[in-house]
Structures are given as structure tokens and as C-alpha cells.
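Descriptive analysis of the structure
Below, each chain spelled out in residue letters.
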Amino acid sequence: MPTENANLIYKYYAPNEYNLDALLNHYFWFSKRASLNDPFDIGNFEKGKQSQSLHNKMSLKFILDLGVSETGAQSLIPEYAICSFSRNELNKQMWAYYTKDYSGWCLAFKRGKLNISSASSLLPVIYVDNLLQPIISIDDSINSTKRVEKGIVQLFCIKHQSWVHEEEERIVLKTRANRKGEKRDWDTFELNHITLGNRINSAYKNIILTIAQVFNVDVYEIDLSQTDFQLTKKLIQSKVNV
């Protein structure tokens, strides 16, 4: 079995037509704060819906310290969207949660090749226990606009310690506030391989095997270790041109 590769980053997908379309047409979907699965992500700055929680107050304080007004925060935060990845391809919880009980797939991308126009680079999520601990520092020497943008991007990369098992990294994108999210293309040469869940249905499996031939990438399938409670993977289709 191939070992984990630090030069790769992984994205998990549940089996549905939207995610199949994203693979076929090679694009990422960037999600806004309102659709993220962690209610503590960032803070709710939408006008009239601000939370009085400590988390929200600390997030707002950080933005105010950047020189942005509360009204400004209400308009700025909805402009940002994220795309999430994991450093671990064989994460049991991720396969269970994000691929609908091992019936989806995981895409492995080459770190050095992954480049999304007008977006941040891959940024590791910082996991914290205490909202009051100092976790962000911004260079005071950069201009105010860049300082605000960098600060908000970093704010999007903070989560509670309970999520640490996801080993998450994010790409943060500034988009238009009135959009629910945004598509951004990736190039097929950025894809290293595809791993299928061991419960994927035959229809999805056959389609993805065909796509993999077109993209010229290897396809693996999740396998269960015979000696411990670990996941492994096995090669089920080799790339056409080595």
C-alpha cells in the first residue's frame, strides 16, 4: 500500500450529482460562512443577527482592531468563501461523515501544483481550546487594505480543538457578497489520484473509472486492514500513460 504523501492534499466528496459534476468538469465549490457545518466558524456578523456569544465578540474585536467598523464587518465577511481539504487520506471519521459512510470518493491533489486564481494559498486550520488565547498576529508594516484582508483570511482558519481530527487546510477566496458560493476550476494535471470508498455503488464507480482514464490518474479503493482498526487502500485501475 502507498504511504501517505506530504506533497498531497485531499478532498472528500459524498456521492451525488453535484459532486460528480464537480469532478467531471474539474472545479471546486467555495462555500460562504452561512453554509459551513460548524456554527462557531468565524462569527455571525449579518445585520440584525449578531450573536452575543464570547466567540462572536472575540471575532468582532479582532476585526475592529484591524480598523474595520462593525458595519464594515457586516459587509466584508459575506464576501469571503472557503474550500476545505484534509492532510489525511485514510481518516475514518472523514470517510464516514463526508463521503456518506464510505460510499463517495476522495481526490488527491498535488500541493505544489494547486493554484486557484485570486485566492489564498493552502492554509492550515489552527485548532484552539480557549477563544482568548492569542492566535493571530498581523504585520503592522503592510498597508491597511492588505492587513484587513490577511486578518479576515486568518480568522477563517480558526476552529475549536474538537475538530482537530480533520487535519484541515483551507483555501480562502474573496468573492461577491450576494453570491451563495463560487466555482473555481482546477486543472487535471493538479490531480494525483482518486480513491473510492469501499461502499460506492457500481454506477458512480464506473463513471469515475472512466473519468480517471481521461484524466490519466490512478484509482484506488478503500480496504480494511486485516490486523488492526486502520484503513488501507488498493490500486484498482492504473493510469493510462505512466
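Up top is the structure these notes are about.
What this report covers is the structure whose coordinates are included nearby. Just so we're clear, the structure is a prediction, and the values are computed from it rather than from any experiment. Along each chain, residues carry numbers from 1 onward, in the same order as the chain's sequence is written. Only residues with pLDDT of at least 70 are given local features in this predicted model, and only at 80 or more are side-chain atom pairs given and counted; all residues enter the totals for whole chains, interfaces and linings. Hydrogens and waters are ignored; side-chain quantities use all the structure's heavy atoms.

Below, the discussion takes up the packing of helix 1 (residues 17–24) against helix 6 (residues 202–215). Axis definition: a line fit to C-alpha positions, over the contact stretch in the case of helices; interaxial angles, taken between N-to-C directions, run 0 to 180 degrees. The helix and strand labels rest on DSSP assignments: H or I over at least four residues marks a helix, E over at least two residues marks a strand, and numbering proceeds from the N terminus. Relative to each other, helix 1 and helix 6 sit at 15°, their axes nearing to 10 Å. Accordingly, the angle class assigned to the pair helix 1 and helix 6 is roughly parallel. Helix 6 is crossed by helix 1, and the crossing has left-handed handedness. Facing helix 1, whose interface residues are Glu17, Leu20, Leu23 and Leu24, helix 6 presents Tyr204, Ile207, Ile208, Ile211 and Phe215. Its residues assigned to classes, the contact of helix 1 with helix 6 shows eight nonpolar, no polar and one charged. For classification, angles of less than 35 degrees are called roughly parallel, those exceeding 145 degrees roughly antiparallel, those between 65 and 115 degrees roughly perpendicular, and all remaining angles oblique. For any helix crossing, the convention is left-handed if the near helix is rotated counterclockwise from the far helix by under a right angle, and right-handed if that rotation is clockwise. Note on contacts: a residue pair is in contact if any heavy atoms of the two residues lie within 4.5 Å. Only Asp, Glu, Lys and Arg are considered charged, only Ala, Val, Leu, Ile, Met, Phe, Trp, Tyr, Cys and Pro nonpolar, and every remaining residue, Gly among them, polar.

Here we take up the pattern of salt bridges. A pair is scored as a salt bridge if a Lys or Arg side-chain nitrogen falls within 4 Å of a carboxyl oxygen belonging to Asp or Glu. Applying the stated criterion to the full structure yields nine salt bridges. Two residues, Glu79 and Lys174, come together in a salt bridge whose shortest N-O distance is 3.6 Å. Placement of Glu79 in the loop between helix 3 (70–76) and strand 3 (80–86) and of Lys174 in strand 8 (residues 168–174) is noted, with a sequence separation of 95 residues between them. Note on Lys174: relative accessible area 36%, which makes it partly exposed. A single network of salt bridges, built from pairs that share partners, joins Arg87, Arg111 and Glu169. To sort residues, take the accessible area from a 1.4 Å probe on protein chains only and compare it with the maximum for the residue type: under 20% means buried, over 50% means exposed, and anything in between is partly exposed.

With respect to the helices and strands, Lys11 occurs in strand 1 (residues 8–13). As used throughout, the charge tally considers Lys and Arg to be positive and Asp and Glu to be negative, leaving His and the chain termini uncounted. Notably, Lys11 is buried but unbridged: the nearest opposite-charge side chain belongs to Glu168, and the N-O separation is 7.9 Å.

To pair, rings of Phe, Tyr and Trp, with the six-membered ring standing in for Trp, must have centres within 6.5 Å; the planes then decide the type, stacked if under 30 degrees apart, edge-to-face if over 60, and tilted in the middle. In this structure the tally under the stated criterion is twelve aromatic pairs. On the basis of an interplanar angle of 50° and a centroid distance of 5.8 Å, the ring pair of Trp105 and Tyr204 is categorised as tilted. Here Tyr204 lies in helix 6 and Trp105 lies in strand 4 (residues 105–110), a separation of 99 residues in the sequence. Here a set of aromatic residues connected by ring pairs shows up, and it is made of Phe28, Phe85, Phe109, Trp186 and Phe215. Seen from the ring of Trp163, Lys159 lies directly overhead, with NZ or CZ sitting 4.1 Å from the centre. To sit over a ring, a charge needs its Lys NZ or Arg CZ within 6 Å of the ring centre and within 35 degrees of the ring normal. Lying across the ring of Tyr27, Lys183 places its NZ or CZ 4.7 Å from the centre.

If you check which residues of helix 1 are buried, you get Asn19, Leu20, Ala22 and Leu23. Looking straight down helix 1, one finds that the buried residues subtend no more than 155° of arc, so they occupy a single side. Opposite the packed face of helix 1, turned more than 90 degrees from it, sit the exposed residues Glu17 and Tyr18. The inward-facing, buried residues of helix 1 contact strand 1, strand 2 (27–32), strand 4, strand 10 (191–196) and helix 6. The definition of a polar contact used here is a pair of N or O atoms within 3.5 Å, where within protein one atom must be able to donate a hydrogen and the other to accept one, and adjacent residues in sequence count solely through side-chain atom pairs. Two or three places before Tyr18, at the opening of helix 1, Asn16 has a side-chain oxygen 3.1 Å from that residue's backbone nitrogen. Following helix 1 by one or two positions, His26 has its phi on the positive side, about 35°. The reported arc concerns the directions from the helix axis to the C-beta atoms and nothing else.

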